[in-house]
Amino acid sequence: MYPLIPMVIFFRKAGNYLPLVGLAILLGLTACTSPSPKVSPQAPSSELVQAKALASEGRYRAAATAYTQLAAGAQSPQRQDYQLHATAALLQGNYQQEAKMLLESIAPENLESPLKLRYHLLAAQLAIAEGEVKRALLLLEGVESLGPSLEQQAVLHRLRAQAYKLEDNPLAAARERVQLEPLLSDAQALQENQRALWGLLMGLSPYTFGSLPQEPLSPALQGWLELARLFQRYQLDSPDLQQAIENWQARYPGHSASLPLLQAEMATLPTTAYQPSIALLLPTEGQFAASAKAVQNGFFAAYYNDNSGWPSNIRFYEVKIDSETGNSNIYSIYQQAQTEGAHFVAGPLTKQSLAQLVATGDLSLPTLALNYLEKSHEGIEKLYQFTLSPEDEAREVAERAWHDGHRSALALIPNTQWGQRVEDAFAERWERLGGTLVKSQAYDPEKEDYSPLIQRLLDIDNSQSRQRALQELAFEPEQRHEADFIFLAAFPRQARLLVPQLRFHRAEKLPVYSSSHIYTGYPDPENDQDLNGVLFCDIPWVLDKNAQNDPSYQSLAAAYPRNFEQLKRFYALGVDAYRIIPHLKALQQNQDMTFDGATGTLQMDAGRHLRRTLNWAQFKKGQPQPVAK
């Protein structure tokens, strides 16, 4: 067994939404508040009894209808009291749109404190469910002044913890979980809160632990943080861990942490750390030399900035690739690494070298390939695959456009092998989601005038052909399609030509979505003005300014100023390739687990491919501005 390596790992439910809080919490929102002095006592009328019974049976929409009918016949503030009951029922049933409409019909400024408190808690819960984290936190600001009951204080801390976690602020979320604990009396609720808190703490990176805020932390939170560092530092079965825990208990007598529960939780997390020897297999010459060098430097930067305290031995091996055939000496290098004591292999980088290696049938070491095999290959034991896949990005564009409410797409794709792969991936995912690809138009990336093909894409040429029959009528070419967005697969040069020409042909009302390839990776507002309005996805190291606090980012930017911006995505690939090694088994065993990396939020599928979820941005004034995930 190997020691744990601290990395940023989170668990999440399947799907793209945060589950709403449970029925008990919702009842706390509506039933635990002392009634406003002006609210008449609720007589146990048959309608009210029926509404409560429907909610308890899980018939939330019917319960909401019953409460709404009661509200229609009531005066203020009794009417708002029933409306809040109805909202709670709708949220519990996941009827978010109806809950939102009902909340919008209530004027919170006219409510007295108890009802206003319930309104803010429900509105914050809805905002979290819709991913509007900043709005949720704003709604929860200062609600303590409204006199929440103990139950409502528990709801408040739980909602804040959920919001901070969504905001990628695990330390703030952990603080809320610590404040929540003394408000819980139910044993199961206490265990669930400690599990959630432990997951947050074990997701903190060494950098976060080393840069905790200067303000004093509560003894309870300080104790939790120190305990998490111990579990990250020592093996579970290590005598050193047991001695460290005893020392911790002496420093924090009576601390609430349930050690048996936490140790059981640790058994579900990765318990294999870096193997004693890692072989890194990359080319140094030819067309892949620059990107391979960036991957190599990123890999070693992550190694040198890893202050977890566990030394590992990395050895670099050069892969030679024939410039004419693309074949390489990958198998002999792989065997050499194994003979010389490697326990884990990172590489190769190219698709052809990977296919060569797999074709030998002798993959005896755990291997993290930095590319994907073709679909024809079945899952191969001991092989993990991780790369900056354009196909994965095309699928994410489809998912984002669908999430944004679009249903019919046009596609502009280069007439290259790369373009065909991207189009196939986009179309497959888009149609599986239920979308319609109205039309796809290929373009020559070497040309500059794209007017004819854009007219064909928008079906404007057919519109113009009707002009002769309508010569005596006012005429303006119109777009004869039903699409509601355009997927543009392009690199910066082509995109800067295509987007203005789309606008010229009156397609400015169609949103344009693209992948990371549209952006150079560094600010260039003068040249990127033509891309204003385009939405695109990219890695955190490109779009998230907080990434600049990563020690590996800082060291690479300082060491390679001449090409860091241009090759940043490959540097990030190398960083993640190193950092994720100790977590591969855990990610394989739990496909709901995610890894917060420099190249995106990583998750492993059934075929042991690491799939990335990226950040999103929109060009404004020639510069990418982040938009909500």
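Residues numbered from 1 in each chain as written. Predicted model: local features only at pLDDT ≥ 70, side-chain atom pairs only at ≥ 80, totals over all residues. Heavy atoms only, no water.

Asks: Got a minute to help me understand the sheet that holds strand β3 (residues 313-319) in this structure?
Replies: In a beta sheet, neighbouring strands are held together by backbone hydrogen bonds and run either parallel or antiparallel to one another. Overall, parallel pairing links the five strands, which are arranged β3-β2-β4-β5-β6 in an open sheet. Of all the strands in the sheet, just β3 and β6 (383-385) have a single pairing partner and so form its edges. Strand-to-strand twist in this sheet, taken as the mean axis angle between neighbours without regard to direction, amounts to 20°. Inspection of the sheet shows strand β2 (residues 277-283) paired to β3 by seven bridges, in the parallel sense. Across the sheet, Ala279 pairs through a bridge with Arg315, a residue of β3. (Pairing = 2+ DSSP bridges. Helix = DSSP H or I, 4+ residues; strand = E, 2+ residues; numbered from the N terminus. Axes fitted to C-alpha atoms, helices over the stretch in contact; angles between N-to-C directions.)

Asks: How do you make sense of helix α17 (residues 351-359) when you look at a structure like this?
Replies: Given 3.6 residues per helical turn, the α-helix brings residues three or four places apart onto the same face. Looking at α17, one finds that the buried residues are Ser353, Leu354, Leu357 and Val358. Buried residues of α17 fall within an arc of 135° about the axis and therefore sit on the same side. Structurally, α17 contributes buried residues whose contacts are with β3, α16 (330-339), β5 (367-369) and β6. Trailing α17 by a residue or two, Gly361 shows a phi angle of about 70°, which is positive. (Buried < 20%, exposed > 50% of the residue type's maximum accessible area, 1.4 Å probe, protein only. Arc of directions from axis to C-beta. Contact = heavy atoms within 4.5 Å.)

Asks: Can you walk me through the confidence of the model for the protein chain in this structure?
Replies: It should be kept in mind that the predicted coordinates are not to be read in detail where pLDDT is low. Residue-level pLDDT values for the protein chain average 85, and 83% of them are 70 or greater. For residues 1-40, every residue scores under 50 in pLDDT, and the model assigns this stretch 120 contacts once sequence neighbours within four places are set aside. Note that residues 463-480 has pLDDT below 50 and, in this model, 24 contacts with residues that lie over four places away or in other chains. (pLDDT = per-residue confidence, 0-100.)

Asks: Before we go on, may I ask you to explain the packing of aromatic side chains in this structure?
Replies: Any pair of aromatic rings gets described here by the distance separating the centres and the angle formed by the planes. This structure, assessed with the given rule, holds 24 aromatic pairs. Between Tyr519 and Phe536 the ring centres are 5.5 Å apart and the planes differ by 50°, which places this aromatic pair in the tilted class. Residue Tyr519 is located in the loop between β10 (512-514) and α23 (525-528), and its partner Phe536 is located in strand β11 (residues 535-538); the two are separated by 17 residues in the primary sequence. Using a relative accessible area of 4% as the deciding quantity, one classes Tyr519 as buried. For the cation-ring pair, Arg61 lies above Tyr95, with the distance from its terminal atom to the ring centre recorded as 4.1 Å. Lying over the aromatic face of Trp402, Arg407 brings its terminal NZ or CZ to 3.5 Å of the ring centre. (Phe/Tyr/Trp six-rings, centres within 6.5 Å; stacked < 30°, edge-to-face > 60°. Lys NZ or Arg CZ within 6 Å of the ring centre and 35° of its normal.)

Asks: Can you help me understand the pattern of salt bridges in this one?
Replies: Note on pairing: side chains with opposite charge can pair once their charged atoms come close. For the structure on display, the rule yields 23 salt bridges. Residues Arg429 and Glu399 are paired through a salt bridge, measuring 2.9 Å at the closest nitrogen-oxygen approach. Of this pair, Arg429 sits in helix α19 (residues 417-433) while Glu399 is found in helix α18 (residues 390-403), placing the two residues 30 residues apart along the sequence. Under the relative-accessibility criterion, Arg429 is labelled partly exposed at 25%. (Salt bridge = Lys/Arg side-chain N within 4 Å of Asp/Glu carboxyl O.)

Asks: What should I look at first to understand unusual backbone geometry in this one?
Replies: Among all residues save glycine, negative phi is the norm, and among peptide bonds the norm is trans. Cis geometry marks the peptide bond from Ser76 to Pro77, where omega comes out at 0°. For Pro77, the location among the structural elements is in the loop between α3 (60-72) and α4 (78-92). Residue Pro348 follows Gly347 across a cis peptide bond; omega there is 5°. One can find Pro348 in the loop between β4 (344-346) and α17. For Lys382, which is not glycine, the phi dihedral falls at a positive 75°. With a phi close to 65°, Arg506 is a non-glycine residue in the positive phi region. Relative to the elements of secondary structure, Arg506 occurs in the loop between α22 (492-504) and β10.

Asks: What exactly am I supposed to notice about the sheet that holds strand β7 (residues 408-414) here?
Replies: Read from one edge to the other, the open sheet built from seven strands follows the order β8-β7-β9-β10-β11-β15-β16, with strand pairing classed as mixed. The strands lining the two open edges of the sheet, one partner per strand, are β8 (436-443) and β16 (623-627). Strand-to-strand twist across the sheet, computed as the mean angle between neighbouring axes with direction ignored, equals 30°. Pairing between β11 and strand β15 (residues 615-620): four bridges, direction antiparallel. Among the inter-strand pairings, Phe536 is bridged to a residue of β15, identified as Ala617. Relative to the sheet, α19 contacts β7, β8 and β9 (485-488), its axis offset from that of β7 by approximately 165°.

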